[in-house]
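Summary of the model geometry
Given next are the chains, with one letter for each unit.
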Amino acid sequence: MSSASSLPEAGRIPRRQPPVPNAVLGTLVFVFTELMFFAGLISAHTIAESNDILGWPPIGQPRLPIEETAVNTMALLLSGALVVWAGQSHRRDPERGHRGTLALLGAGIALGAFFVFAQGLEWAALIREGLTLTSNTHGSFFYLIVGAHAFHAIAAIGVLAWALAALVRRRLTATALTSVQVFWLFVVGVWPILYWKVYL
Amino acid sequence: VSLTKAALAMLFLALLTHPQLAAACPVCFDPREANQSAFVSMTIFMSLLPLATFAGLVLWIRKRVRDAENATRPLE
């Protein structure tokens, strides 16, 4: 009669590390679905724009603030770079690079929050000028696409803040940080495409 | 064959020679070229994007597996 405890080296077989951690793979699959969601919005926007006979944006409607949003875009791209550097610093040496990682991640979150705040101000100004969700197809698509992105940005900032809190407590694993990075880089990476399609 | 059936058959055959009258597919027919090209380009975009993304993910995972195998392989 044998039992698990009598097996030779039971419980001592080294587990092979997966080539891609489950958390990272799960985030990548989630990002893939999100990518298709935004691709659907972009596709619908492109067809609606080509279908519109009254001009895009329609005459008499406020123009979208291209220059101000370009500055916001730069802030978001810089935030993405800072989060990447934070990850590199954390993976290189979590103990010695702790302060640097904290500073980089904190600055990345601050720039991401600046982006969302500036987009909110932009929305308020556009609504005051008369562009609303129900003004026309252009307004509907603008608020739908930019709003969907802002929602994702807020969610991603929340996750980044969670990572920062875990980092402060020195409980942030490299896998968790990579997963958070993947989500934030998706939010950052999809924005220039949305800016190009919606604003330009 | 009754005359009505023959007339209906002729009408059906005549319609086959003018498919644009019954075109429900905006990719196949649209009077405005910009709209038609938008439909075509977005059809290509939406078809290729998931394939390209998935292929990229599979290739990246394969590279990670190979790197891990090379790292654990004993030196000869």
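Nothing here was measured: the structure is a model prediction, and the numbers come from that model. (Residues numbered from 1 in each chain as written. Chains lettered and ligands numbered in written order. Predicted model: local features only at pLDDT ≥ 70, side-chain atom pairs only at ≥ 80, totals over all residues. Heavy atoms only, no water.)

**Quick word on the overall build of chain A**
Broken down by element type, chain A carries five helices and zero strands. When its helices and strands are written in sequence order, chain A yields α-α-α-α-α. Relative to its length of 200 residues, chain A is extended, with a C-alpha radius of gyration of 22 Å against a globular reference of 16 Å. Principal-axis analysis of the C-alpha atoms gives chain A an extent of 85 × 40 × 20 Å. Here chain A holds 200 residues, and 44% of them are scored as buried. Long-range pairs, those at least 24 residues apart, make up 80% of the contacts in chain A between residues at least 6 apart in sequence. Just so you have it, chain A exposes about 10,800 Å², and 67% of that area is on carbon and sulfur atoms. Separation between the mean location of the 13 positive side-chain charges and that of the 10 negative ones in chain A comes to 17 Å. (Helix = DSSP H or I, 4+ residues; strand = E, 2+ residues; numbered from the N terminus. Rg over C-alpha atoms; globule rule 2.2 N^0.38 Å. Buried < 20%, exposed > 50% of the residue type's maximum accessible area, 1.4 Å probe, protein only. Contact = heavy atoms within 4.5 Å. Areas by Shrake-Rupley, 256 points an atom, 1.4 Å probe, with all protein chains shown as cover. Lys, Arg positive; Asp, Glu negative; His and termini not counted. Charge placed at Lys NZ, Arg CZ, Asp CG, Glu CD.)

**Some details on the interface of chain A and chain B**
Every contact between the two is made by 18 residues of chain A and, on the other side, 18 residues of chain B. Here chain A and chain B share an interface that buries about 1,600 Å² over both sides, 77% of which is from carbon and sulfur atoms. The interface formed by chain A and chain B holds zero salt bridges in total. Our count for the chain A to chain B interface comes out at three residue pairs in polar contact (both at pLDDT 80 or more). (Buried area = accessible area lost by both parts, 1.4 Å probe. Salt bridge = Lys/Arg side-chain N within 4 Å of Asp/Glu carboxyl O. Polar contact = N/O pair within 3.5 Å; in protein donor to acceptor, adjacent residues only side chain to side chain.)

**Focus on the packing of helix α1 (residues 22-51) of chain A against helix α5 (residues 174-198) of chain A**
All names here are of chain A. At a minimum axis distance of 10 Å, the contact between α1 and α5 shows a crossing angle of 10°. As far as their axial angle goes, α5 and α1 are roughly parallel. Here the residues of the contact of α1 with α5 are counted per class, giving 15 nonpolar, six polar and three charged. (Axes fitted to C-alpha atoms, helices over the stretch in contact; angles between N-to-C directions. Parallel < 35°, antiparallel > 145°, perpendicular 65-115°, else oblique. Nonpolar A, V, L, I, M, F, W, Y, C, P; charged D, E, K, R; others polar.)

**Considerations on the pattern of salt bridges**
For the coordinates displayed, the defined rule picks out two salt bridges over all chains. Here Arg-170 of chain A ties to Glu-95 of chain A by a salt bridge, and the two come within 3.1 Å at their closest N and O atoms. Placement of Arg-170 of chain A in the loop between α4 (137-168) and α5 and of Glu-95 of chain A in the loop between α2 (66-92) and α3 (98-129) is noted, with a sequence separation of 75 residues between them. One salt bridge connects Lys-63 of chain B with Asp-67 of chain B, and the closest N-O pair in it is separated by 3.1 Å. Residue Lys-63 of chain B and its partner Asp-67 of chain B are located together in helix α2 (residues 33-72), separated by four residues, close to a single helical turn.

**What to know about α3 of chain A**
Residues and elements named next belong to chain A. Look at α3: 47 Å from first C-alpha to last across 32 residues, which is about the 46 Å you get at 1.5 Å a residue. Considering only its buried residues, α3 is in contact with α2, α4 and α5. With its phi angle positive at about 110°, Gly-130 sits one or two positions after the end of α3. (Expected span 1.5 Å × (residues − 1).)

**Side note on unusual backbone geometry**
Residue and element names in this part refer to chain A. Note the cis peptide between Trp-56 and Pro-57, where omega equals -5°. The topology assignment puts Pro-57 in the loop between α1 and α2. Unlike most non-glycine residues, Arg-170 shows phi in positive territory, near 60°.

**Remarks on the packing of aromatic side chains**
Aromatic ring pairs: the centre-centre distance and the angle between the two ring planes describe each pair. All names here are of chain A. In the structure shown here, the tally under the stated rule is ten aromatic pairs over all chains. Where Trp-123 meets Tyr-143, the ring centres are 4.9 Å apart and the plane angle is 90°; that geometry is what we call edge-to-face. Here Trp-123, found in helix α3, pairs with Tyr-143, found in helix α4; they are 20 residues apart in sequence, far enough to count as distant. Classification of Trp-123 by relative accessible area gives partly exposed; the value is 25%. Tyr-143 gets classed as buried once you look at its relative accessible area, which sits at 8%. (Phe/Tyr/Trp six-rings, centres within 6.5 Å; stacked < 30°, edge-to-face > 60°.)

**Regarding the nonpolar core**
All names here are of chain A. With 45 residues, the main nonpolar core has Leu-105, Phe-142, Trp-184, Trp-191 and Tyr-199 as its most contacted residues. Secondary structure elements with two or more residues in this core: α1, α2, α3, α4 and α5. Top contributing element to this core by residue count: α5, with 14 residues. Ignoring anything within four residues of it in the chain, the contact list for Tyr-199 reads Leu-64, Pro-65, Ile-66, Thr-69, Gln-119, Glu-122, Phe-142, Val-146, Trp-191 and Leu-194. (Core = buried A, V, L, I, M, F, W, Y, C linked by side-chain atoms within 4.5 Å.)

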